Amino acid sequence: MSESLTPLSATGEQSPGASLTSKEKLDIARQLAKLGVDIIEAGFPAASKDDFEAVKQIAKEVGNAVDKDGYVPVICGLSRCNENDIRTAWEAVKYAKRPRIHTFIATSAIHMEYKLRKTKEQVIEIARSMVKFARSLGCDDVEFSPEDAGRSDREFLYQILGEVIKAGATTLNIPDTVGYTVPSEFGKLIADIKANTPGIENVIISTHCQNDLGLSTANTLAGACAGARQLEVTINGIGERAGNASLEEVVMTLKCRGDHVLAGLHTGINTHHIFMSSKMVEEYTGLHVQPHKAIVGANAFAHESGIHQDGMLKHKGTYEIISPEDIGIERSNDAGIVLGKLSGRHALRKQLEELGYELEDEQLSSIFWRFKAVAEQKKRVTDADLRALVSDEVFQPEVVWKLHDLQVTCGTLGLSTATVKLTNSDGREYVTCSVGTGPVDSAYKAVDLIVKEPATLLEYSLNAVTEGIDAIATTRVLIRGEISHTSTHALSGETVYRTFSGTGAGMDIVVSSVKAYIGALNKMLGFTEKPQMKISPERTKVST
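Residues numbered from 1 in each chain as written. Predicted model: local features only at pLDDT ≥ 70, side-chain atom pairs only at ≥ 80, totals over all residues. Heavy atoms only, no water.

1. Considerations on the sheet that holds strand 13 (residues 455–464)
Argument step 1. Pairing in this open sheet of three strands is antiparallel, and the strands run 13-14-17 from one edge to the other. Of all the strands in the sheet, the pair left with one neighbour each is strand 13 and strand 17 (500–506). The sheet shows a mean angle of 20° between the axes of neighbouring strands, direction not considered. (Pairing = 2+ DSSP bridges. Helix = DSSP H or I, 4+ residues; strand = E, 2+ residues; numbered from the N terminus. Axes fitted to C-alpha atoms, helices over the stretch in contact; angles between N-to-C directions.)

Shown next, in the form of structure tokens:
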């Protein structure tokens, strides 16, 4: 008999450089709902005013968007075990049709001694009283996590989990907080908790596995096989340190092997939206997916060796255990459409739809003219080119400043000089020029003279989207403002300084570099000029 797993999702925004604007957070939450995740842990409302507004807006909009089948995701807010955090989380999520509070406290000996400086008895009393407090606010769905459960004493775990169940917890999340366990250990941990915790039959067991040893997906699946029916995962596996269990890996493993070796476990995820979700999170966070990443990496369905290519030509099943179509990728050589300079809007829209993009008319019009400009210079526009154009037009923060014109002079005969024209949100134009050590440096300095918002460039990377001298280039930058934007880290309580990423694409590498820099500045200015939302760090959950 098969059982279903519930995925809960967020983006892993605790990763360095993953600060998101309110528009981006809402877009991602909507995409997670389209993906079919059961629970969206939308953030840590007590971290900052920005985070509170983020979760509240998602609760109001995504948490009330019931589809034709009656589906609406649970909207969850994370909190430490204290009244202020819990009350703040409730004030943010209470607008959703299905609100949840997720509260946690550390239970391992090393955490209790050195971080909490509390005894076992004190920790049990805090956990019990805070779950009761969450229920007293009117929240009927309360999740509890014993942080660092993977290194906690078993008998103590059974005791504290039994107490929070009596206090009203409805889901028990078991975190391998530092990614310490191996699959056999984590599976046994879940099985032992299921067998020895009083009242466990009345609640859902959840997993939360970190990837410090590269075992988060394996541990998550071991937990599911041992009885967990909610799995916390993130898109692209992003998260603290080495990241979290990856939604796409967990979901596709269950889809591919669930009936055969995983006791019929399955999820309600619409896998055709996986690739689009991955690209959206990649573009919005600026955290690139490694080419050999399972399921969604650029090389996941690439076959270069002669033996593999020969097998694929004879039968795709020789070297593909899942097809790219399963996750929403159309093979360009199977689609039957070759885009070029004579292609029209209908052909472009059709191809974008096959790639998973559902664009409004205004967005399509903007991309169409960019596409025509590229097609004039390239004989054939590839799917990779189209994705770069979409990310450059659609996956961008709200406009505070926009690049209008750029002219650079550089070489060995003199200083590099850049003239930049920017347009602000009111449509006013500003022009200035600057010199620098190279074309990008001089252009960035000219932008700084106009924007007048001091920022430090932390990272800069440039990649070609396709082969050839006429390839579109994508640029990613990471900046930190001199006027620092901060929030509170959920686990450590430390003040975190936000960094902001930006991406740009174009056939001119200096233009793409300036677009990326302006995109990062727009994100930073968005936090400066008005309250913003922040999908907090952690998680995406899948439950059975």
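2. Brief notes about the pairing of strand 4 (residues 99–106)
Argument step 1. The element strand 4 is largely enclosed, with a buried count of eight among its eight residues.
Argument step 2. Taking every second residue as pointing to the same face, both faces of strand 4 are buried, with P99, I101, T103 and I105 on one and R100, H102, F104 and A106 on the other.
Argument step 3. Examined bridge by bridge, strand 3 (residues 74–80) and strand 4 share six bridges and lie parallel to one another. Residue pairing in the sheet places R80 in a bridge with F104 of strand 4.
Argument step 4. One crossover worth recording links strand 3 to the parallel strand 4 by way of helix 3 (residues 83–93), and it is right-handed. (Buried < 20%, exposed > 50% of the residue type's maximum accessible area, 1.4 Å probe, protein only. Right-handed = clockwise from strand over helix to strand, strands pointing away.)

3. Points about the environment of F301
Argument step 1. Secondary-structure assignment places F301 in the loop between helix 10 (274–285) and helix 11 (306–314).
Argument step 2. Between the C-alpha atoms of F301 and S323, which are 22 residues apart in sequence, the distance is 8.0 Å.

4. What about unusual backbone geometry?
Argument step 1. Here D148, not a glycine, exhibits a phi torsion of approximately 65°, which is positive.
Argument step 2. Secondary-structure assignment places D148 in the loop between strand 5 (142–147) and helix 6 (154–167).
Argument step 3. Look at D148 and you get buried, because its relative accessible area is 0%.

5. Regarding the sheet that holds strand 11 (residues 416–424)
Strand pairs in the sheet, formed through backbone hydrogen bonds, run parallel or antiparallel to each other.
Argument step 1. The antiparallel open sheet is built from three strands, whose spatial order is 10-11-12. Only two strands of the sheet have a single partner each, and these edge strands are strand 10 (401–409) and strand 12 (429–436). With strand direction ignored, the average angle separating the axes of adjacent strands in the sheet is 20°.
Argument step 2. Sheet analysis places strand 11 next to strand 12, joined by eight bridges and oriented antiparallel. Opposite S416, over in strand 12, you have G436 as the bridge partner.
Argument step 3. Those strands touched by helix 16 (residues 439–451) are strand 10, strand 11 and strand 12, and its axis lies near 140° from that of strand 12. (Contact = heavy atoms within 4.5 Å.)

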